[in-house]
Amino acid sequence: MTVRLLLGDQLNLQHSWFQQVNPKVTYVMFEMRQETDYVKHHIQKIVAFFGAMRSFADALQKQGHSVVYYRIGDSQNTQQLTQNLLQVMDQCDATAFTYLHPDEYRLEKQLQAFCDTLSIATAAFDTEHFLTTRATLKEFYSGKKQFVMEFFYRKMRKQFDILMLAGQPEGGTWNFDKNNRNKWKGADPIPKAYVPKARNITAIYNEVVESGIVTLGTFNADAFLYPTSREQALEQLQYFCEHLLYLFGTYQDAMHTDEENLFHSRISFALNAKIISPLEVVSHAIAHYRENTTTISLSQIEGFVRQIIGWREYIRGMYWMEMPQYKTRNELENTRPLPSFYWDGNTQMNCLKHSIQNSLDHAYAHHIQRLMITGNFALLTQTHPDEVDQWYLGIYADAIEWVQLPNTRGMSQYADGGKVATKPYISSGAYIHKMSNYCASCSYNHKKRLGDDACPFNSLYWNFLDDKRSYLKNNHRMGIMYRLLDKIPAEELAALKERAYQVITHPERF
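Residues numbered from 1 in each chain as written. Predicted model: local features only at pLDDT ≥ 70, side-chain atom pairs only at ≥ 80, totals over all residues. Heavy atoms only, no water.

K.L.:
Now, about the side chain of Thr228: what can you tell me, with residues and values included?
P.N.:
Along the chain, the position of Thr228 falls in the loop between helix H7 (201-211) and helix H8 (230-243). Setting aside residues up to four positions removed in sequence, Thr228 forms contacts with Ala48, Gly51, Ala52, Ser55 and Arg199. (Helix = DSSP H or I, 4+ residues; strand = E, 2+ residues; numbered from the N terminus. Contact = heavy atoms within 4.5 Å.)

K.L.:
Pulling in residues and values, what's your account of the environment of Tyr141?
P.N.:
Among the structural elements, Tyr141 can be located in the loop between helix H5 (136-140) and helix H6 (149-159). With relative accessibility at 3%, the residue Tyr141 sits in the buried group. With 109 residues separating them along the chain, Tyr141 and Thr250 place their C-alpha atoms 31 Å apart. Ignoring any residue separated from it by four or fewer positions in sequence, one finds Tyr141 in contact with Gln146, Phe147, Val148, Met149, Phe152 and Tyr314. (Buried < 20%, exposed > 50% of the residue type's maximum accessible area, 1.4 Å probe, protein only.)

K.L.:
For the pattern of salt bridges, give the residues involved together with the corresponding values.
P.N.:
On inspection of all chains with the given rule, the structure shows 27 salt bridges. Note that Glu401 and Lys327 form a salt bridge whose closest N and O atoms lie 2.7 Å from each other. Of this pair, Glu401 sits in helix H15 (residues 401-412) while Lys327 sits in the loop between helix H11 (298-322) and helix H12 (350-362); the two residues are 74 residues apart in sequence, bridging distant segments of the chain. A salt bridge links Asp453 to Lys448, with the shortest nitrogen-to-oxygen separation between them at 2.7 Å. Connected via shared salt-bridge partners are Asp9, Asp103, Lys274 and Arg316. (Salt bridge = Lys/Arg side-chain N within 4 Å of Asp/Glu carboxyl O.)

K.L.:
Got a sec to walk through the packing of aromatic side chains? Specific residues and values, please.
P.N.:
The full count for this structure, using the stated rule, is 36 aromatic pairs. Geometrically, the ring pair formed by Tyr105 and Trp320 is tilted, given 6.3 Å between the ring centres and 45 degrees between the ring planes. A residue pair is termed long-range when its members are at least 10 positions apart, and Tyr105 in helix H4 (residues 105-116) and Trp320 in helix H11 qualify at 215 residues. Assessed through its relative accessible area of 21%, Tyr105 is described here as partly exposed. Here the aromatic rings of Phe130 and Trp402 are separated by 5.1 Å at their centres, their planes lie at 90 degrees, and the arrangement is edge-to-face. Of this pair, Phe130 sits in the loop between strand E5 (121-125) and H5 while Trp402 sits in helix H15, placing them 272 residues apart in sequence. Taken as a pair, Phe130 and Trp402 share a single burial class, namely buried. In this structure, Arg316 packs its charged tip against the face of Phe130, placed 4.1 Å from the ring centre. (Phe/Tyr/Trp six-rings, centres within 6.5 Å; stacked < 30°, edge-to-face > 60°. Lys NZ or Arg CZ within 6 Å of the ring centre and 35° of its normal.)

K.L.:
Can you explain the packing of helix H3 (residues 81-92) against H4? Please cite residues and give values.
P.N.:
Across the interface, H3 lies against H4 with an axial gap of 11 Å and an inter-helix angle of 40 degrees. Here H3 is positioned oblique relative to H4, judged by the angle of their axes. Regarding H3 and H4, the two cross each other, and that crossing is right-handed. Here Leu81, Thr82, Leu85, Leu86 and Met89 of H3 lie close against H4, whose contacting residues are Leu107, Gln110, Leu111 and Phe114. (Axes fitted to C-alpha atoms, helices over the stretch in contact; angles between N-to-C directions. Parallel < 35°, antiparallel > 145°, perpendicular 65-115°, else oblique. Left-handed = near helix turned anticlockwise from the far one by under 90°.)

K.L.:
Give me the lowdown on the nonpolar core, citing residues and values where you can.
P.N.:
In summary, soluble globular proteins display a tendency toward joint burial of nonpolar side chains. Of all hydrophobic cores here, the largest spans 149 residues; its most connected members are Ile301, Phe304, Tyr314 and Leu352. Tallying contributions element by element places H11 first for this core, with 13 residues. When sequence neighbours within four positions are dropped, the list of residues in contact with Leu352 reads Phe341, Tyr342, Thr347, Gln357, Ile373, Thr374, Phe377 and Phe457. Core analysis: the next-biggest nonpolar cluster, separate from the first, contains 19 residues, Leu81, Met89, Cys115 and Leu118 among them. (Core = buried A, V, L, I, M, F, W, Y, C linked by side-chain atoms within 4.5 Å.)

These results come straight from atomic positions and should not be treated as a statement about function.
And the structure:
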């Protein structure tokens, strides 16, 4: 008997393993405290993964496959991966053990070490999900000093013939990002988010609570937006294409106090759990675009495709190219603790209050909220990237380390020294005002640098540039900002730094 392990983010029903029923194969899946407890996770994240895992196991069994599944509260569940495996292998009298390559370095090393202890045959296989291999990015950027995503994205477009005409990009340009930076002002109505139908998520929630797992965030069955089956994930994708794609690009960077989802697809959980694949996602979206070119512009579909086959594949490649050292990078030498309001949303800064509350309520925030609100503030207050990583990995339902770590430590916190981002993604209150309505109802004035009602982002911004000058002064993309910094009178800069110091040392007061 061969025992095949399936992890909670390997829910790919299209995998070649499942195309034929083999009576000599048993699949094993475990809900474990090992995975729920290594960081404090959002309750909805755990419920979503458990729900998706159970639906997947049910689908395999309906196809005739043999499945051993441990729920979180099962008496035989040791809550540890290797102990559970040994237990099942002994019961099955296993003669071979195989698994799909994990997408987390931690689990890869654990399974490699486990296989070294076994006397039976072992083997690892590809998940058949990504468009690239772990080594693709390293090979593509071999000999290059900078890993600019745009060039990798163009490679992907060419290789898979996506939005191409006779070897050239449709529309004559590769990237329509300049068209995708609009502020949403309410003129274009936003449809409600897709809500999956009939699921047993409340029962799963109760099991998680009864198990004693310590979680964060809130749970509301009526507002639970995560698909737990392939059917639901495909419905969510179709809903996005029919109702949201036509303005996705235009408003993908926008933020608003009354809208959590805007025109975003919300398919990242289904993608990262491998319920659906990146190629079928972009193929389906492009097919819908082709049928609706009178209502959907090229800039909308290109912006979506870029996120899936460009950024997502790039980030995964960066993770495997740089691990394990990447997880300890702290090139700006930031040391501050994460402000306590990241765990409860209790702050007077409206942008942070809304972005954090969205995250606590829904285990979700879109990329600009993550990058330019919560990530921006964490960087400007010089928070240790370890603390930022733990928060991002725990709070978002779509967060798995391969995608979270390079996005957070690299793109958001610049802790990798510029491997992912060519400059730190920081801003003052002006950018937040430009892209949202957060500032309109805030206690602070986004235009003021100093004074009790001055936006904290403003003093933090100039203080950060001054504090990190030695790290950033040779970055050509920062030249304009440093020339502006040098024009600030010494007395005003001193006052700005004092204001920033108050925010950094006592963020709970703001």
